[in-house]
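Observations on chain architecture
Each chain is listed here by its residues.
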Amino acid sequence: MNDPVSTGKQWGAQSAGALSRGAGGLSVEGLTVTLGAGGPAVIDAASFAVGPGETLCVVGESGCGKSLTALALMGLLPSPPMRRVAGRALFQGRDLFQLPPAEMRALRGDLIAMIFQEPMTALNPAFTIGDQIAEAARRGGLAPAAANARAREMLGRVGIPDPAARMAAFPHQLSGGMRQRAMIAMALVNDPALVIADEPTTALDVTIQAQVLDLMRALQRESGAALILITHDLGVVAEMASDVAVMYAGRVVEAGPAERVLRDPQHPYTLGLMASTPGLGPAGGRLAAIPGLVPAAEAMPPGCRFAPRCPFAEGACAAAPPPDVEIDGRRVACIRAPLETLAGRAA
Amino acid sequence: MSAALERETTRAGPSGAASARGGASSDATPDAAARPARRRSRVWAKLRASPTALVGGVLVAAFALIALAAPLTGLDPAATDWGAIRKPPSAAHPLGADELGRDVLARMVWGARASLLAGVVSVAMAVAVGAPLGMLAGWARGWTDAAISRATEALLACPFLILAIAFAAFLGPSLTNAMIAIGLSAAPVFIRIARAETMRVAAEDYVESARAAGVGQAAILWRTVAPNIAPPLLVQATLTVATAIIAEASLSFLGLGQQPPAPSWGSMLNVAKGFLEQAPWMALWPGAAIFAVVLGFNMLGDGLRDALDPRQN
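Being a predicted model, the structure only gives us computed values, none of them experimental.

**Here we look at the overall build of chain B**
- For chain B, the helix and strand inventory stands at 12 helices and zero strands.
- Taken from the N to the C terminus, the helices and strands of chain B come in the order α-α-α-α-α-α-α-α-α-α-α-α.
- For chain B, the proportion of its 313 residues judged to be buried stands at 43%.
- Pairs at least 24 apart in sequence give 68% of the contacts found in chain B among residues at least 6 apart.

If you want it as structure tokens, here you go:
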């Protein structure tokens, strides 16, 4: 059997000189989160990495642990009931999981920023967006006047027309796309080295989605920040990702360069996910659906968590969790990979 | 205003930005000018634009002015005139005289002090005690919440006035102690509201986003939670002012509030109760004044609530 393969990248210790404020990627190894002490693992030994200026997309269906992964990285797991029991997250030479709470808090909003899914509810309704962005800038150490100027500048950079007037707008006075732009401005105001965006475009219209993605890509190019983009939308992955980590039921089942993974998925789940994505153009046949549901956290199968829904499953799949194997430059947790060797391939 | 804003803001995007800037700036410019830059001035402008708030504010301000100006009027609330006992309004006593021949107008003017003080100070105390405790309970949850909530429920189990009487009797009869007693008795309601509102706001995404932005707990409570739970507390506060004024009247009646011969509207009303047939004016003026002040506070509270809610245009 193949040896487990590590993530291969070690960005933690590096500090690329060209980039402004100690840029750095993030390398996560073996992140495990359980529901209660000794409870079921809702995130099971997840490993992935993202380099500076790169975009890692974490994909998977609802409830697969994507958002929990983001919260765990931010040190914001709802605990109790969630407990992080293992793992390392190397960022600028430090393990985020070992930082004292006060230091972690100082990193949040500064070197590590987060963009939320719901621009409708993630902005404080009682303050103008100018106030909120300027406050974030003040936390980053700017004087009030400079913070206001910085907030105005950020509003302009995220493409909000007439930023000086928009400073005084309350969140409810802006459209969804504008609010998400304001959120992005707030997240990026302190020039973070790592941005975690949890489904930043899910709540937006398709046309606005594309604009917001364009904007995020442009801003990332300027700043050289590492971006972890959590999404369930493979279209977003194709658009944005340099690397992709596919999660299923709390496990990273396939991770590697986006182009390879999307062109030639090697995990049956990735394959199913792609087959169930509607393409553009005239409607073809029915979309393929993956039969069954994600198992509940309390009822995880002992072996491969995807085995009950997997068209390629065999007896050994249910016996023990599959080890990671390296195939064609990506990491796959499937004992039946590479899938090309299988007869009667479904897709 | 919102229509123009909508039209402009929906035109999003780097490509759309240019057209929005060119096409809609004519809408946006007067719009931006009409919107005051700061929140405080915006609330103030809204408050003035609302007739309800205006009438309420004028009523409250008028009575506050009367209370403040009492020493300047030269009226003596304790001077008795044996010839004027229970006499109806006349030139010498424009509002009539009471059962000891004291001028009702003088007692009304001086009584405004006690009544307004009792209303405002006791409610300020109730909010100052109740809101932080409620926020703490709603934020910390767990045993902190359990301890605060059980104590609150125990206090709420007693009728408001009985509780105030108990506190006042314990503290000793005086106007100050009556205010403390009323404030403590009114605090549980604010604890409950602040707790429930804090729990609601704590679950909002913008609190999570503040956490993700590295804001500390105390700052989240003060900057993020407090402004979002303030409107219902404010409305409750204005309503409670009315209750507190009436409670002071009741305490005075029992000899636990304003001490005679110093007047308060409540004590005047309670004395007048015995002379309703012979001297109805003794009850009419304090009753009307309490009614007007309570109405004023309620209207002001309504207006404030509307003005403070940024979602209302």
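There's plenty left to go through after this.
**Re the overall build of chain A**
- Counting its secondary structure elements, chain A contains 10 helices and 12 strands.
- Scored against the burial criterion, the 347 residues of chain A give a buried share of 54%.
- Considering only residue pairs separated by 6 or more positions, chain A has 65% of its internal contacts joining residues 24 or more positions apart.

**Some thoughts on the UniProt feature "domain: ABC transporter" (unreviewed entry) in chain A**
- Within this structure's numbering, the places UniProt gives as "domain: ABC transporter" (unreviewed entry) are residues 26-274 of chain A.
- The span residues 26-274 of chain A carries 39% helix and 26% strand; its end-to-end C-alpha distance comes to 27 Å.

**Description of the domain arrangement of chain A**
Residues and elements named next belong to chain A.
- Domain annotation for chain A reports domain 1 (1-111 + 193-278 + 289-347) and domain 2 (123-189).
- A straight line from the C-alpha centre of domain 1 to that of domain 2 covers 30 Å.
- Each partner contributes residues to the interface: domain 1 has 12 residues there, and domain 2 has 12 residues.
- With six residues, the single largest contributor to the side of domain 1 that touches domain 2 is helix α7 (residues 206-223).

**Let's talk about the nonpolar core**
- Counting 188 residues, the largest nonpolar core has Cys57, Ile133 and Val246 of chain A as its most contacted members.
- The dominant element in this core, judged by the number of residues it contributes, is helix α5 (residues 104-140) of chain B, at 18 residues.
- Residue contacts for cysteine 57 of chain A: discarding those within four places in its chain leaves Leu229, Thr231, Val236, Val237, Met240, Ala241, Val244 and Ala258 of chain A.

**Concerning the sheet that holds strand β12 (residues 330-332) of chain A**
Residue and element names in this part refer to chain A.
- Pairing within the open sheet is mixed, and its eight strands lie in the order β6-β7-β8-β3-β9-β10-β12-β11. Two strands bound the open sheet, and with one partner strand each, they are β6 (112-115) and β11 (325-327). Strand after strand, the sheet turns through a mean of 20° between neighbouring axes, direction not considered.
- Alignment of β6 against strand β7 (residues 194-198), held across four bridges, turns out to be parallel. The residue bridging methionine 114 from the neighbouring strand is isoleucine 196, located in β7.

**So, the pairing of strand β3 (residues 55-59) of chain A**
Residue and element names in this part refer to chain A.
- The element β3 is largely enclosed, with a buried count of five among its five residues.
- As defined by bridge partners, β3 adjoins strand β9 (residues 243-248) across four bridges and the pair is classed as parallel. Across the sheet, residue valine 58 finds its bridge partner in β9, namely alanine 245.

**Notes on the UniProt feature "transmembrane region" (unreviewed entry) in chain B**
Residue and element names in this part refer to chain B.
- According to UniProt, the positions carrying the feature "transmembrane region" (unreviewed entry) are residues 49-72, 116-139, 151-171 and 278-301.
- Along residues 116-139, the helical share is 100% and the strand share 0%, with 34 Å between the first and last C-alpha atoms.
- Span residues 278-301 is 88% helix and 0% strand, its end C-alpha atoms 37 Å apart.

**Remarks on the sheet that holds strand β5 (residues 94-95) of chain A**
Residue and element names in this part refer to chain A.
- Taken together, the four strands give an open sheet; going across it, the order is β2-β1-β4-β5, and neighbouring strands pair in antiparallel fashion. Only two strands of the sheet have a single partner each, and these edge strands are β2 (41-50) and β5.
- This element, helix α1 (residues 66-74), spans β1 (26-35), β2 and β4 (82-91) of the sheet and lies at about 70° to β2.

**Some words on the packing of α5 of chain B against helix α11 (residues 265-272) of chain B**
Residue and element names in this part refer to chain B.
- At a minimum axis distance of 7 Å, the contact between α5 and α11 shows a crossing angle of 120°. Considering their axes alone, α5 and α11 lie oblique with respect to each other. Residue-level inspection shows Arg107, Gly111 and Ser115 of α5 in contact with α11, the latter providing Trp265, Gly266 and Met268.
- Its residues placed into classes, the contact of α5 with α11 shows two nonpolar, three polar and one charged.

**Observations concerning the UniProt feature "domain: ABC transmembrane type-1" (unreviewed entry) in chain B**
- UniProt marks residues 112-301 of chain B with the feature "domain: ABC transmembrane type-1" (unreviewed entry), using the numbering shown here.
- For residues 112-301 of chain B, the end-to-end C-alpha separation is 20 Å, with 84% helix and 0% strand making up the annotated structure.

**Overview of helix α6 (residues 142-157) of chain B**
- Taking 1.5 Å of rise per residue, the 16 residues of α6 of chain B would be expected to cover 22 Å, and the 22 Å separating its terminal C-alpha atoms lies within 8% of that figure.
- In terms of burial, α6 of chain B is largely open, as just one of its 16 residues are buried.

**As for the confidence of the model for chain B**
All names here are of chain B.
- On average, residues of chain B score 80 in pLDDT, and 85% of them reach the 70 mark or higher.
- Scored below 50 in pLDDT, residues 1-37 makes 47 contacts in the model with residues more than four places away or belonging to other chains.
- For this predicted complex, the interface confidence comes out at an ipTM of 0.75, alongside a pTM of 0.74.

**With respect to unusual backbone geometry**
Residues and elements named next belong to chain A.
- In this model, glutamate 199 sits at a positive phi of 50°, which is unusual for a non-glycine residue.
- On the secondary structure map, glutamate 199 appears in the loop between β7 and α7.
- Glutamate 199 gets classed as buried once you count the C-beta atoms within 10 Å, which come to 20.
- Residue alanine 249 is not a glycine yet carries a positive backbone phi of 50°.

**A short note on the packing of α6 of chain B against helix α8 (residues 175-202) of chain B**
All names here are of chain B.
- Contact pair α6 / α8: the axes reach a minimum separation of 9 Å and the direction vectors enclose 140°. The orientation of α6 with respect to α8, classified from their angle, is oblique. When you trace α6 past α8, the crossing you get is left-handed. Judged by residue contacts, Ile148, Ser149, Thr152, Leu155 and Leu156 of α6 engage Pro188, Ile191, Arg192 and Arg195 from α8.
- Tallied by class, the residues present in the contact of α6 with α8 amount to five nonpolar, two polar and two charged.

**Quick look at the environment of phenylalanine 91 of chain A**
- Along the chain, the position of phenylalanine 91 of chain A falls in strand β4.
- Here the alpha-carbon distance between phenylalanine 91 of chain A and isoleucine 112 of chain A, two residues 21 residues apart in the chain, equals 9.6 Å.

Parameters at a glance
Residues numbered from 1 in each chain as written. Chains lettered and ligands numbered in written order. Predicted model: local features only at pLDDT ≥ 70, side-chain atom pairs only at ≥ 80, totals over all residues. Helix = DSSP H or I, 4+ residues; strand = E, 2+ residues; numbered from the N terminus. Buried ≥ 20, exposed ≤ 12 C-beta atoms within 10 Å, placed from the backbone. Contact = placed C-beta atoms within 7 Å. UniProt positions renumbered as here; feature names shortened; annotations may be inferred. Domains from an automatic or database assignment. Core = buried A, V, L, I, M, F, W, Y, C linked by C-beta atoms within 7 Å. Pairing = 2+ DSSP bridges. Axes fitted to C-alpha atoms, helices over the stretch in contact; angles between N-to-C directions. Parallel < 35°, antiparallel > 145°, perpendicular 65-115°, else oblique. Nonpolar A, V, L, I, M, F, W, Y, C, P; charged D, E, K, R; others polar. Expected span 1.5 Å × (residues − 1). pLDDT = per-residue confidence, 0-100. Left-handed = near helix turned anticlockwise from the far one by under 90°.

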